[in-house]
Amino acid sequence: MPRPRWGQAAGALALFVSLVCIDLSGADAGTASAYRCLPAVPALVLALPEYRRAGRPPRPQVLYGLAGGALFAGDMLLWAKAITEVGAALSTVLVNVQVVLVSFLARAVDRERVPRRFLLWLPVLLAGVVLTGGLFEQGASGGDPTAGAVQAVLAALSYSGFLFLLRRGGFAGHVRTTYTLVICVSSVVSALGGAVWGTLGLAPSWRTLGWLAVVALSSQIVGWLLVAVNSPRLPSHIGAVLLLLTPVGALALGALVLGERPTPAQWLGCGLIMLSAYVTTGGAPGNRDGGGPQQTRTSSSRSRSRGG
């Protein structure tokens, strides 16, 4: 597995820790969304060397950072809200439809080719997502399934848009600078959204803050930064599929830490996701490092400049 794929997989595995820690924190949607981002902002001074070396990001990347941060905050707030209305199973399944939406966004906007092998395995992959989410066992179990389903769909759209912009914002460099902007914007939007919804706690307990600090470290500082760095260097479908390692890891960690008991169907779903990830992210040796459209255009221009 080439280095960008290892990096994307490592980012996805770092993200699943946050799902369990948010559960342990007991925080409401607004509190969890805002306080998982705020502690990460000072640590992102790691972007300063890039800023000094490369200068200010171009205007399109600034816009990607602003829009991506707002969409990320919307995803966090809407998904947490949907869980209470329609249940965790359906919410998780709908949000992870990103594996389809991100790939087809890249196809529609960037004219990126969607491989036939990915399309053939897509039904198996989606079946794995449905089984892992426990949808057949739990169904729509919240207090307002209709409102929850709408919120979950909006969360899925926000999440997919965030992933697309996060990846696209890294095509021309300035990755860490743009990602820092994403986190700053998502902190503000999460706090405002949580205040409007009445789910923002201004004085959370030290226990809650401690768990959310772990979320900030594992998710915002490590996980999403790895995704921001590596996803522009991968085809969109590979980056999206590797992110499905997050619900698989969260299911396993929940069983170990929270004492949850996944059903055989959920373990089967994990197996289908892992098998599909192995098949769809593999490629011919000469084409294993293929990246996004920007990377492809850059490589072609370099070949021409060398007379190749």
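Residues numbered from 1 in each chain as written. Predicted model: local features only at pLDDT ≥ 70, side-chain atom pairs only at ≥ 80, totals over all residues. Heavy atoms only, no water.

*Asks:* Can you walk me through the overall build of the protein in this structure?
*Replies:* Of the regular secondary structure elements, the protein holds 16 helices and zero strands. Within the protein, the proportion of its 308 residues that are buried is 51%. As displayed, the protein offers around 14,100 Å² of accessible surface, 66% of which is attributable to carbon and sulfur atoms. (Helix = DSSP H or I, 4+ residues; strand = E, 2+ residues; numbered from the N terminus. Buried < 20%, exposed > 50% of the residue type's maximum accessible area, 1.4 Å probe, protein only. Areas by Shrake-Rupley, 256 points an atom, 1.4 Å probe, with all protein chains shown as cover.)

*Asks:* Where do I start with the pattern of salt bridges in this structure?
*Replies:* Working definition: two side chains of opposite charge can pair if their charged atoms are close together. Inspection of every chain in the model, using the stated rule, returns two salt bridges. One salt bridge in this structure joins Arg168 and Asp110, with 2.7 Å as the shortest N-O distance. In this pair, Arg168 is assigned in helix 10 (residues 145-168) and Asp110 in helix 7 (residues 98-110), connecting sequence segments 58 residues apart. For Asp110, a relative accessible area of 11% translates into the label buried. The partner of Arg167 in a salt bridge is Glu112, with the nearest N and O atoms 2.8 Å apart. Note that Arg167 is positioned in helix 10 and Glu112 in the loop between helix 7 and helix 8 (116-132), a separation of 55 residues in sequence. By relative accessible area, which is 9% here, Glu112 ends up buried. (Salt bridge = Lys/Arg side-chain N within 4 Å of Asp/Glu carboxyl O.)

*Asks:* What's the story with the packing of helix 11 (residues 175-197) against helix 12 (residues 206-230) in this structure? I'm lost.
*Replies:* The packing of two helices is summarised by the inter-axis angle and the distance between the axes. Relative orientation of the contacting elements helix 11 and helix 12 amounts to 135 degrees, with a least axis distance of 10 Å. Overall, the two elements helix 11 and helix 12 adopt an arrangement that is oblique. Where helix 11 crosses over helix 12, the two elements pack in a sense that is right-handed. Across from Val175, Arg176, Tyr179 and Ile183 in helix 11, the residues of helix 12 making contact are Ser219, Gln220, Ile221, Trp224, Leu225, Ala228 and Val229. Partitioning the contact of helix 11 with helix 12 into residue classes produces eight nonpolar, two polar and one charged. (Axes fitted to C-alpha atoms, helices over the stretch in contact; angles between N-to-C directions. Parallel < 35°, antiparallel > 145°, perpendicular 65-115°, else oblique. Left-handed = near helix turned anticlockwise from the far one by under 90°. Contact = heavy atoms within 4.5 Å. Nonpolar A, V, L, I, M, F, W, Y, C, P; charged D, E, K, R; others polar.)

*Asks:* Sorry, what's going on with the confidence of the model for the protein here?
*Replies:* Interpretation of this model should avoid reading the predicted coordinates in detail wherever pLDDT is low. For the protein, per-residue confidence averages 80 on the pLDDT scale, and 84% of positions sit at 70 or higher. In this model residues 283-291 is a low-confidence stretch, pLDDT under 50, and it forms 21 contacts with partners more than four residues away in sequence or in other chains. Within the model, pLDDT remains below 50 along residues 294-308, and this stretch shows seven contacts once partners closer than five positions in the same chain are excluded. (pLDDT = per-residue confidence, 0-100.)

*Asks:* Explain the packing of aromatic side chains here, please?
*Replies:* To describe a pair of aromatic rings, you give the distance between the ring centres and the angle between the ring planes. Enumeration according to the criterion identifies four aromatic pairs in this entry. Their ring planes at 75 degrees and their centres at 5.7 Å tell us that Phe72 and Trp224 sit as a pair that is edge-to-face. Taken together, the positions of Phe72 in helix 5 (residues 59-86) and Trp224 in helix 12 put the pair 152 residues apart, joining distant regions of the chain. Classification of Trp224 by relative accessible area gives buried; the value is 4%. (Phe/Tyr/Trp six-rings, centres within 6.5 Å; stacked < 30°, edge-to-face > 60°.)

*Asks:* What am I meant to see in a nonpolar patch on the surface here?
*Replies:* Taken together, Val150, Val153, Leu154 and Leu157 make up a surface patch of nonpolar side chains, about 330 Å² in accessible area. Tracing the chain through its elements places Leu157 in helix 10. Taking the relative accessible area as the measure of exposure, Leu157 reaches 48% and is therefore partly exposed. (Patch = residues over 30% accessible without salt bridge, like charges linked within 9 Å, V, L, I, M, F, W, Y side chains within 5 Å.)

*Asks:* Is there a simple way to explain the packing of helix 14 (residues 245-257) against helix 15 (residues 264-281) in this structure?
*Replies:* One way to put it is that helix 14 packs onto helix 15 with a least axis distance of 10 Å and a crossing angle of 145 degrees. For the crossing formed where helix 14 meets helix 15, the hand is left-handed. On helix 15, the residues touching Leu245, Val248, Leu251 and Ala252 of helix 14 are Gln266, Trp267, Cys270, Ile273 and Met274. Residues that form the contact of helix 14 with helix 15 fall into these classes: eight nonpolar, one polar and no charged.

*Asks:* What is the right way to look at helix 7 in this model?
*Replies:* Given 3.6 residues per helical turn, the α-helix brings residues three or four places apart onto the same face. The terminal C-alpha atoms of helix 7, which comprises 13 residues, lie 17 Å apart, in line with the 18 Å expected from a rise of 1.5 Å per residue. Every buried residue belonging to helix 7 is among Gln98, Val99, Val100, Val102, Ser103, Ala106 and Asp110, and all of these are buried. Directly after helix 7, the chain includes Arg111, whose backbone phi takes a positive value near 60 degrees. (Expected span 1.5 Å × (residues − 1).)

*Asks:* Help me understand the environment of Val124, please; the structure alone is not making it clear to me.
*Replies:* Looking at the element boundaries, Val124 is found in helix 8. Given the relative accessible area of 28%, Val124 is considered partly exposed. C-alpha of Val124 to C-alpha of Gly269: the two residues are 145 residues apart in sequence and 9.3 Å apart in space.

*Asks:* When you look at the environment of Asp75 in this model, what are you seeing that I'm missing?
*Replies:* Along the chain, the position of Asp75 falls in helix 5. It is 9.0 Å that separates the C-alpha atoms of Asp75 and Ser160, two residues lying 85 residues apart in sequence. Discounting chain neighbours no more than four positions away, the residues touching Asp75 are Val95, Ala155, Ser158 and Tyr159.

*Asks:* Is there a simple way to explain the side chain of Ser219 in this structure?
*Replies:* With respect to the helices, strands and loops of the structure, Ser219 is situated in helix 12. Ser219 sits in the buried class, given a relative accessible area of 0%. Ignoring sequence-local partners within four residues, the contact set of Ser219 consists of Leu15, Ser18, Arg36, Tyr179 and Trp224.

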